[in-house]
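Listed here are the chains, written in short residue letters.
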Amino acid sequence: MSDDEVLTGPGAQTRRALLAGAGAVGASVVLAACGGDDEPAAPPASGPTSGGAGVTGAPGAGSRDGTAPLARTTDIPVGGGAIFVERGVVVTQPTEGEFKGFDPICTHQRCPVSNVDGGTINCTCHNSRFAITDGAVKEGPATRPLPAKQIKVEGGQVYLA
């Protein structure tokens, strides 16, 4: 058997054939992600997310039931916000002391939003941007606002309501 062959079951198959099949599967996944507004995508990954400013996993935050705090109010910048992947919420502070909660899934093609910057909640899948004040679309292709999520602030802590 040459280095280009590997046994898989009753016969031998070349590595080239295996790689071609894997490439076809990968291409179909990429193409499926480019569908219309109504196609659901996978939910955001569990655990902390790195790389995007304002994206946190709130280690030790517990369940989505709101029993554990999301963050301290001082952790949410005025004019910005933070994404809590584990808890399924984006928290913003449009003005000092005013906190808002939004769903972290873009209404365009269900990608998780990636950061909060420049007064908007941003989805880098297709560059949709949403207002930190009310979730309204500031820049498409999204056409629907981010749904609000109920949060509460008590004792300098932000909780899901």
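Structure report, in brief.

About the thresholds
- Residues numbered from 1 in each chain as written.
- Predicted model: local features only at pLDDT ≥ 70, side-chain atom pairs only at ≥ 80, totals over all residues.
- Heavy atoms only, no water.
- Helix = DSSP H or I, 4+ residues; strand = E, 2+ residues; numbered from the N terminus.
- Pairing = 2+ DSSP bridges.
- Axes fitted to C-alpha atoms, helices over the stretch in contact; angles between N-to-C directions.
- Disulfide = S-S within 2.5 Å.
- Salt bridge = Lys/Arg side-chain N within 4 Å of Asp/Glu carboxyl O.
- Buried < 20%, exposed > 50% of the residue type's maximum accessible area, 1.4 Å probe, protein only.

**Some details on unusual backbone geometry**
Consideration 1: For Arg110, which is not a glycine, the phi torsion comes out positive at approximately 65°.
Consideration 2: Residue position: Arg110 is located in the loop between strand 7 (100-102) and strand 8 (115-117).

**Considering the sheet that holds strand 12 (residues 151-154)**
Consideration 1: A sheet is described by the order of its strands in space; here three strands give the open sequence 4-13-12, paired in antiparallel fashion. Each edge of the sheet is formed by a strand with only one pairing partner; in this case those strands are strand 4 (71-72) and strand 12.
Consideration 2: Where strand 12 lies against strand 13 (residues 157-160), four bridges are found, and the strand directions are antiparallel. Its bridge partner lying in strand 13, Ile151 is registered against Leu160.

**Here's the deal with the sheet that holds strand 9 (residues 120-123)**
Consideration 1: In spatial order, the strands read 8-9-10-11; together these four strands make up an open sheet with antiparallel pairing. In this open sheet, the two edge strands, each paired with only one partner strand, are strand 8 and strand 11 (137-139). For this sheet, the mean angle separating the axes of adjacent strands, direction not counted, is 35°.
Consideration 2: Relative to strand 11, strand 10 (residues 128-131) is paired through two bridges, and the arrangement is antiparallel. If you follow Arg129 over to strand 11, its bridge partner there is Glu139.

**Section: the environment of Thr74**
Consideration 1: Note on placement: Thr74 falls in the loop between strand 4 and strand 5 (80-84).
Consideration 2: When the C-alpha atoms of Thr74 and Val158 are compared, they prove to be 9.7 Å apart, with 84 residues separating the residues in sequence.

**Digging into the state of the cysteines**
Consideration 1: According to the stated counting rule, one finds one disulfide in the structure shown.
Consideration 2: There is a disulfide in this structure between Cys111 and Cys125, and the S-S distance comes to 2.3 Å. Residues Cys111 and Cys125 share a disulfide whose torsion about the S-S bond is about -105°; that sign makes it left-handed. One end of the pair, Cys111, is in the loop between strand 7 and strand 8; the other, Cys125, is in the loop between strand 9 and strand 10, and 14 residues separate them in sequence.

**Side note on the pattern of salt bridges**
Consideration 1: In this structure the tally under the stated criterion is three salt bridges.
Consideration 2: In this structure, Lys100 engages Glu98 in a salt bridge whose closest nitrogen and oxygen atoms are separated by 3.7 Å.
Consideration 3: The class of Lys100 is partly exposed, set by a relative accessible area of 29%.
Consideration 4: Across the pair Glu139 and Arg129 runs a salt bridge whose closest N-O atoms are separated by 3.8 Å. Of the two residues, Glu139 is situated in strand 11 and Arg129 in strand 10; the sequence distance between them amounts to ten residues.
Consideration 5: Assessed through its relative accessible area of 28%, Arg129 is described here as partly exposed.

Fair warning: the whole summary comes from geometry, so function is off the table for now.
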